[in-house]
Amino acid sequence: MNTITGHTKLTALLGSPVAHSISPLMHNEAFRQLGLDYVYLCFDVTEETLPAAVAGLKACGIRGFNLTMPNKNKIVELLDELSPAAKLIGAVNTVVNDNGRLIGYNTDGIGYMQAARDAGYDLTGKTITIMGAGGAATAICAQAALDGVEKIHIFARSSSRFWNRTQKLADTINGTLSCKAELHENGDGAALQEAAGESTLLLNATSVGMAPNVDASIITDTSIFRPDLVVSDVIYNPQETLLLKQAREAGCRTFNGMYMLLYQGAEAFRLWTGMDMPVELIKEKYF
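Rules used throughout
Residues numbered from 1 in each chain as written. Predicted model: local features only at pLDDT ≥ 70, side-chain atom pairs only at ≥ 80, totals over all residues. Heavy atoms only, no water. Pairing = 2+ DSSP bridges. Helix = DSSP H or I, 4+ residues; strand = E, 2+ residues; numbered from the N terminus. Contact = heavy atoms within 4.5 Å. Axes fitted to C-alpha atoms, helices over the stretch in contact; angles between N-to-C directions. Salt bridge = Lys/Arg side-chain N within 4 Å of Asp/Glu carboxyl O. Buried < 20%, exposed > 50% of the residue type's maximum accessible area, 1.4 Å probe, protein only.

Participant: I'm lost on the sheet that holds strand β4 (residues 81-82) in this one. Help?
Facilitator: What links the strands of a sheet is backbone hydrogen bonding, and the strands pair in either a parallel or an antiparallel sense. Read across the open sheet, the 6 strands follow the order β2-β1-β3-β5-β6-β4; overall the sheet is mixed. The open sheet has two edge strands with one neighbour each: β2 (38-44) and β4. Taken strand by strand, helix α1 (residues 23-34) contacts β1 (9-15), β2 and β3 (64-67), and its axis lies near 170° from that of β2. Seen against the sheet, helix α9 (residues 258-273) touches β1, β2, β3, β5 (94-98) and β6 (101-105) and runs at an angle of roughly 5° to β5.

Structure (structure tokens):
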């Protein structure tokens, strides 16, 4: 157990809901293993209460914090500076307090791509389909393009407040990288059939299916599943969402968001402490 002292540095997770998160387990264990006088706590914070929470934590000298749903986009307007990747993505999941300046980073894309490699899938030169346009979706989309994915189909609601930002991201990818990105309306079943048909991987990067709403799936037409399609979910609670269950029953290989959580957390840990998280030990103990 970590001992709290008068010098203990605070790190935290801000989101809603957060009670299910295993981030405190892995960060606090990593702090303990490396003998660091830090602690990681969870705070249930909504978009409405985020400005007050951030101001209070900044005033208390927090070392840094993570953001999860629904706060990854709202936080951007509350920060002093964004990393180049966070600026491109338009969303932040990790904040570092640098002597009173709050700097935003995004480690979600790095975490997901490493998780895919861990699961045995090299997406270089492949086509993928991403469901969603929120913080996690755009982070993964940007990192996938940077990592050499050949084509990305993105499905989102045209009524979403993130539609224009996602279109801008797709345009930036198309204009600056060799990857091709296409944005589609979420309700376009024919486009989804075609996209999934040419994709190696289909990813749910929304909160659809996350506890407690475990009876929901982002995919309503399960005929898009085929045995050589890999289906993934950023959600890890439940460990098998309805989407992954549907895909598995159709013969697809699947993986959830557990290792994405691990690897995005490891990068946040490095940003806060300047040290590498003992990933293999944490993986063995909690994953």
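Participant: Would you mind showing me how to read the pattern of salt bridges here?
Facilitator: A side chain of one charge can pair with a side chain of the opposite charge if their charged atoms are brought near each other. Taken as a whole and assessed by the stated rule, the structure comprises 17 salt bridges. The salt bridge involving arginine 32 is made with glutamate 29; its shortest N-O contact spans 2.8 Å. Here glutamate 29 and arginine 32 lie together in helix α1, a separation of 3 residues that amounts to about one turn. The salt bridge partner of arginine 248 is glutamate 240, with a shortest N-O separation of 2.6 Å. A relative accessible area of 42% places arginine 248 in the partly exposed class.

Participant: Quick question: what am I supposed to make of the sheet that holds strand β9 (residues 180-185) here?
Facilitator: Here 6 strands make up an open sheet; going across it, the order is β9-β8-β7-β10-β11-β12 and the pairing parallel. Of all strands in the sheet, those bounded by a partner on one side alone are β9 and β12 (253-255). On average, each strand axis in the sheet is tilted by 20° relative to the strand beside it, whichever way the strands run. With 5 bridges joining them, strand β7 (residues 127-131) and strand β8 (residues 151-156) adopt parallel strand pairing. Considered in β8, the bridge of isoleucine 128 is made with isoleucine 152. On top of the sheet, helix α7 (residues 189-198) reaches β7, β8, β9 and β10 (201-204); it is set at about 150° to β8, its chief contact.

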